[in-house]
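Next come the chains, spelled out residue by residue.
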Amino acid sequence: MPVLQFREALREAMSEEMRRNPDVFLMGEEVAEYNGAYKVSEGMLKEFGPQRVVDTPISEAGFSGLGIGAAMVGMRPIIEFMTFSFSLVAFDQVVNNAPKMSYMSGGQFKVPVVFRGISGPGQQLAATHSWSVEALYTHVPGLKVVVPTTPAEAKGLLKTAIRDDDPVIFLENESMYGNKGEVPEGDFLLPFGVADVKREGRDCTIVAWGQGCITALAAAEQLEKEHGIRCEVIDPRTLRPLDLPAIVRSVKKTGYCVTVETGYPTCGIGAELAALVHEHCFDDLDNHVVRVASLDVPMPYSKPLLQQVVPSVQRVADAVKKAVYFKG
Amino acid sequence: MTTISTSTSTPKAEPTTTQLMDWYRQMSVIRQFEVKCAQSYQQQKIGGFCHLYVGQEAVAVGSIAATRPQDYVITAYRDHGHAIARGMEMTPLFAELYGKASGCSRGKGGSMHFFDAEKNFFGGHAIVGGHIPLAIGLGWAAKYRKEDRVTLCYFGDGAINQGSFHEALNLAGIHKLPCIFMVENNGYAMGTHLHRSSAVTDLKLRTGDAYGIPGKEVDGMDCIAMYQMMRDGIEYCRSGNGSLFLEVKTYRYRGHSMSDPQKYRTKEEVAKYQDHDPIGRLEKLLREKKLLDDGKVAAMNDEIHAAVEKAHEEADGAAFPTTEDIWKDVYAMPFGPYLAR
Ligand SMILES: Cc1ncc(C[n+]2csc(CCOP(=O)(O)OP(=O)(O)O)c2C)c(N)n1
Ligand SMILES: [Mg+2]
């Protein structure tokens, strides 16, 4: 199987879908002539031309609305946000127009648009540029929210997103763009709502996705090596729809659950997961769910502060130890 | 349409030689500061995004020279030059860039978020176009309280395509707010040339008829022209005429940020603008006036170099914020991290 970078897998998904369906196009800031701010769309202008790989002015509300309108008449736009921090300039389009059109029109209009780009704290980008938007968008009925962790998932889930008839929020992470992994060639699609067990274990379930999942896997490795604690890492891959049965199955087995996210704890995904796990696994739990999230403050610029604010391997490991009453 | 008094019939404000020397010095300080930033970035003392002002120095220096301390200044993320021109010391600026507690934003903001309340410097804003509505808030407050203050709002040519720009300018037009909006047109928004981002490239046309705000054009590579335009502009706003929009023609010599391969332009294009370098131009004039010669230029540059190095060293040696600082300033009236105590 070919080994691709995460960004190459995304590019392959988009290119394959564009070859397959002339109604698919890519639009966003610097996606064409600059080859993408993070080189995800490198070479796509050359292959598909300026009609289908389209640079925009810095007008997020305008071009995301364009994507929604075009989707209402059957096109399948891929709208790239340079980062999802900038999607907040287009918040009304993304949370009002995209997810509510089908419902408000009694099913007459569907909106098969994909909004994709970076989410999560980068390297000292400070408060406005460091949003983890998954909780904001997963909150909204009518949106689907996807967070791939591996290059194969990047490809398989993006292809599914493009073919999906609903608006999809597709969250990537800058630190993961260079990650490599085996990616199946050709028509490889991964279904929404199916979690992946990234690591098996019997002692504690960790639910984590994207950047947080990579941190969780490192913590799981460390915990096994240092203390013999075997964690089961469940990656939901899509936060809406959520594969609750997979999480419940795992927690019933381990009796403990830790959630990891780069977003905020207050009304975060971890809060929702904790509520669900408590509802569905109450009698199987030997402790309450323990959440790991960014500290509840705007992201600071200063490196030593940022390192404490964003979940670290150590913080996840400590959370697991706390959850399973480990006294080492 | 109202006109502002920059026609040839009214005498232009002639700067004194002291002013000219001061501007030359300020522009040189900014340039050397930015060169040091580039070095510190390479050494990973600076993180995140860092956008240098090299080439655009005359815009901030010439315009801020015409302000009074009570006037308000607000800008985008390419903010080092404006901060220095506004009189902020270099040490807290370097300290901010290095993420130190003594930084002008306590290490919380970084390069894109310089602030100084005492200097009426309202930031440093990183979301393109996001600060333009803030500028009309500043202008609104000044007008409401009948205070004699003008707000200077700077932004890039990329920002004029944001809804926030248009909404803010319309509001400023309705309420005749004492605000000067300056688009620092350096030709590019990241890698996108103005021709590809704006349906109309004569930017001074983008406000007048639409929002009742007169638009003017000024050579942003000429510190004196900047100053003269701004003197008249501030006078125009102070006299209750409402807002003003300036298309400032300028150019950035460096990449958009520190990681920009700059494939969208040629070296020749950059060199062409460097021929009209704002510092070089003023230096030529000052040499003609016999205020500068080789020796004086060298001495001044050495002196600035020493000041930059000193500020850098002070900042480099300063302390990082502490873990407790993480929780400070989230709220003005704190109640703890999340739950009410
Ligand atoms: C809302 C938003 N969209 C995109 C960006 C990413 N971005 C940062 S600077 C920039 C280009 C802005 O160019 P311009 O306004 O001309 O200012 P200049 O960099 O030339 O000073 C872009 C696209 C952002 N910071 N905010
Ligand atoms: Mg520009």
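Residues numbered from 1 in each chain as written. Chains lettered and ligands numbered in written order. Predicted model: local features only at pLDDT ≥ 70, side-chain atom pairs only at ≥ 80, totals over all residues.

Trainee: Hey, could you run me through the overall build of chain B in this one?
Mentor: From N to C terminus, chain B includes 12 helices and 7 strands. Here the C-alpha atoms of chain B give a radius of gyration of 20 Å, agreeing with the 20 Å that 2.2 N^0.38 yields for 341 residues. Projected onto the principal axes, the alpha-carbon positions of chain B cover approximately 60 × 60 × 40 Å. (Helix = DSSP H or I, 4+ residues; strand = E, 2+ residues; numbered from the N terminus. Rg over C-alpha atoms; globule rule 2.2 N^0.38 Å.)

Trainee: Sorry if this is basic, but what is going on with the interface of chain B and chain A here?
Mentor: Often, the extent of an interface is quoted as the loss of accessible area upon association of its parts. At the junction of the two partners, chain B supplies 36 residues and chain A supplies 28 residues. Along the lines of polarity and charge, the residues of the side of chain B that touches chain A split into 16 nonpolar, 17 polar and 3 charged. (Contact = placed C-beta atoms within 7 Å. Nonpolar A, V, L, I, M, F, W, Y, C, P; charged D, E, K, R; others polar.)

Trainee: Can you help me understand the nonpolar core in this one?
Mentor: Burial of nonpolar side chains together is a common tendency in soluble globular proteins. Grouped together as the largest cluster of nonpolar side chains are 208 residues, with contacts concentrated most on Val 146, Ile 206, Ala 216, Val 258 and Val 320 of chain A together with Cys 153 and Ile 180 of chain B. Counting residues per element, this core draws most heavily on helix H9 (residues 223-238) of chain B, at 9 residues. Both domain 1 (3-182) and domain 2 (196-322) of chain A contribute no fewer than three residues apiece to this core. Excluding residues that lie within four positions of it along the chain, Cys 153 of chain B makes contacts with Ile 74, Ile 132, Ala 135, Cys 179, Ile 180, Phe 181 and Met 182 of chain B. (Core = buried A, V, L, I, M, F, W, Y, C linked by C-beta atoms within 7 Å. Buried ≥ 20, exposed ≤ 12 C-beta atoms within 10 Å, placed from the backbone. Domains from an automatic or database assignment.)

Trainee: Hey, could you run me through the environment of Met 300 of chain B in this one?
Mentor: Residue and element names in this part refer to chain B. For Met 300, the location among the structural elements is in helix H12 (residues 294-317). Judged by the 17 C-beta atoms lying within 10 Å of it, Met 300 is partly exposed. Residues Met 300 and Ala 126, 174 residues apart in the sequence, show an inter-C-alpha distance of 33 Å. In contact with Met 300, not counting residues within four places along its chain, are Arg 25 and Ser 28.

Trainee: What should I look at first to understand the domain arrangement of chain A in this one?
Mentor: All names here are of chain A. Each assigned domain of chain A is listed with its residue range as follows: domain 1 (3-182) and domain 2 (196-322). On a C-alpha basis, the centres of domain 1 and domain 2 stand 26 Å from each other. At the interface, 23 residues of domain 1 touch 23 residues of domain 2. Residue composition of the side of domain 1 that touches domain 2, by class: 12 nonpolar, 8 polar and 3 charged.

Trainee: What's the story with the sheet that holds strand E9 (residues 196-199) of chain A in this structure? I'm lost.
Mentor: Backbone-to-backbone hydrogen bonds pair the strands of a sheet. The strands run either parallel or antiparallel. All names here are of chain A. Read from one edge of the open sheet, 5 strands run E9-E11-E10-E13-E14, paired in mixed fashion. Looking at strand neighbours, the two that pair on one side only are E9 and strand E14 (290-292), the edges of this open sheet. Recorded for the sheet is a direction-independent mean angle of 25° between the axes of neighbouring strands. Docked against the sheet, helix H7 (residues 210-227) engages E9, strand E10 (204-208), strand E11 (231-235) and strand E13 (257-260), running at close to 170° with respect to E11. (Pairing = 2+ DSSP bridges. Axes fitted to C-alpha atoms, helices over the stretch in contact; angles between N-to-C directions.)

Trainee: Just to check I follow, could you spell out the site of ligand 1 for this structure?
Mentor: Around ligand 1, a shell composed of 20 residues is seen, among which Phe 86 of chain A together with Val 128, Gly 156, Gly 158 and Ala 189 of chain B lie nearest. Lying at an intersection of chains, ligand 1 is approached by residues of chains A and B. (Near = placed C-beta within 6 Å.)

Trainee: Can you walk me through the pairing of E10 of chain A in this structure?
Mentor: Two faces make up the sheet, and in a regular strand the side chains alternate between them. Residues and elements named next belong to chain A. The element E10 is extensively covered by neighbouring structure, given that 5 of its 5 residues are classed as buried. Burial along E10 is two-sided: the residues Cys 204, Ile 206 and Ala 208 and Thr 205 and Val 207 are all buried. Pairing analysis gives 4 bridges linking E10 to E11, with the strands arranged parallel. Considered in E11, the bridge of Val 207 is made with Ile 234. Bridging between E10 and E13 involves 4 bridges; their strand directions are parallel. Looking at E13, one finds that Thr 205 is bridged to Cys 257.

Trainee: Is there a simple way to think about unusual backbone geometry in this case?
Mentor: Negative phi characterises most residues that are not glycine, and trans characterises most peptide bonds. Cis rather than trans, the peptide bond between Arg 240 of chain A and Pro 241 of chain A has omega equal to 0°. Positioned with a positive phi, Gln 124 of chain A is a non-glycine residue whose angle comes to about 55°. Locating Gln 124 of chain A in the fold gives a position in the loop between strand E5 (114-118) and helix H5 (134-138). The phi dihedral of Asp 329 of chain B is positive, around 70°, even though this residue is not glycine. By secondary structure assignment, the location of Asp 329 of chain B is in the segment after H12.

Trainee: Could you clarify how one ought to interpret the confidence of the model for chain B in this entry?
Mentor: Any residue range with low pLDDT should be treated as having predicted coordinates unsuitable for detailed reading. In the predicted model, chain B carries a mean pLDDT of 94, and 95% of its residues have values of at least 70. Overall fold confidence for the complex sits at a pTM of 0.95, while the interface term, ipTM, reaches 0.94. (pLDDT = per-residue confidence, 0-100.)

Trainee: Before we go on, may I ask you to explain the pairing of strand E2 (residues 151-156) of chain B in this structure?
Mentor: Residues and elements named next belong to chain B. With 6 of 6 residues buried, E2 is to be regarded as a mostly interior element. Residues Thr 151, Cys 153 and Phe 155 line one face of E2 and the alternating positions Leu 152, Tyr 154 and Gly 156 line the opposite face, and both faces are buried. In this sheet, E2 lies alongside strand E1 (residues 72-74) in parallel orientation, the contact comprising 3 bridges. Counted as the bridge partner of Val 73 is Leu 152 from E2. Judged from the 6 bridges that link them, E2 and strand E3 (residues 179-185) form a sheet pairing that is parallel. Bridged to Thr 151 within E3 is Cys 179.

Trainee: Before we go on, may I ask you to explain the packing of helix H1 (residues 6-20) of chain A against helix H6 (residues 151-163) of chain A in this structure?
Mentor: When two helices pack together, their arrangement is given by the angle between the helix axes and the distance between those axes. All names here are of chain A. Viewed as axis vectors pointing N to C, H1 and H6 meet at an angle of 25°, and their least axial separation amounts to 8 Å. With respect to H6, the axis of H1 lies roughly parallel. For the crossing formed where H1 meets H6, the hand is right-handed. Between H1 and H6, the contacting residues are Phe 6, Ala 9, Leu 10, Glu 12, Ala 13, Met 14, Glu 16 and Glu 17 on the first element and Pro 151, Ala 152, Ala 154, Lys 155, Leu 158, Lys 159 and Ile 162 on the second. A breakdown of the residues in the contact of H1 with H6 according to their chemical character gives 10 nonpolar, no polar and 5 charged. (Parallel < 35°, antiparallel > 145°, perpendicular 65-115°, else oblique. Left-handed = near helix turned anticlockwise from the far one by under 90°.)

Trainee: Looking at this structure, I do not really get helix H4 (residues 90-97) of chain B. What am I missing?
Mentor: An α-helical segment advances 3.6 residues per turn. Residues three or four places apart therefore align on the same side. Residues and elements named next belong to chain B. By the criterion of burial, H4 is predominantly enclosed, with 8 of the 8 residues buried. Burial in H4 covers these residues: Met 90, Thr 91, Pro 92, Leu 93, Phe 94, Ala 95, Glu 96 and Leu 97. Contacts made by the buried residues of H4 are with helix H1 (17-42), helix H3 (80-85) and H12. Phi turns positive, to about 75°, at Gly 99, one or two residues after H4.

Trainee: Looking at this structure, I do not really get helix H2 (residues 57-64) of chain B. What am I missing?
Mentor: Counting buried positions over the 8 residues of H2 of chain B gives 8, a clear majority of the element. Buried residues of H2 of chain B: Glu 57, Ala 58, Val 59, Ala 60, Val 61, Gly 62, Ser 63 and Ile 64 of chain B, and no others.

Trainee: Whenever I open this one, the packing of H2 of chain B against H9 of chain B confuses me. Can you help?
Mentor: Residues and elements named next belong to chain B. Two elements in contact, H2 and H9, have axes whose closest approach is 7 Å; the angle formed by their N-to-C orientations is 40°. Put simply, H2 runs oblique to H9. Seen along the crossing, H2 lies across H9 with a hand that is right-handed. Taken together, the residues of H9 that come into contact with H2 (itself represented by Ala 58, Val 59, Val 61, Gly 62 and Ser 63) are Cys 223, Ile 224, Met 226, Tyr 227 and Met 230. Considering only residue class, the contact of H2 with H9 consists of 8 nonpolar, 2 polar and no charged.

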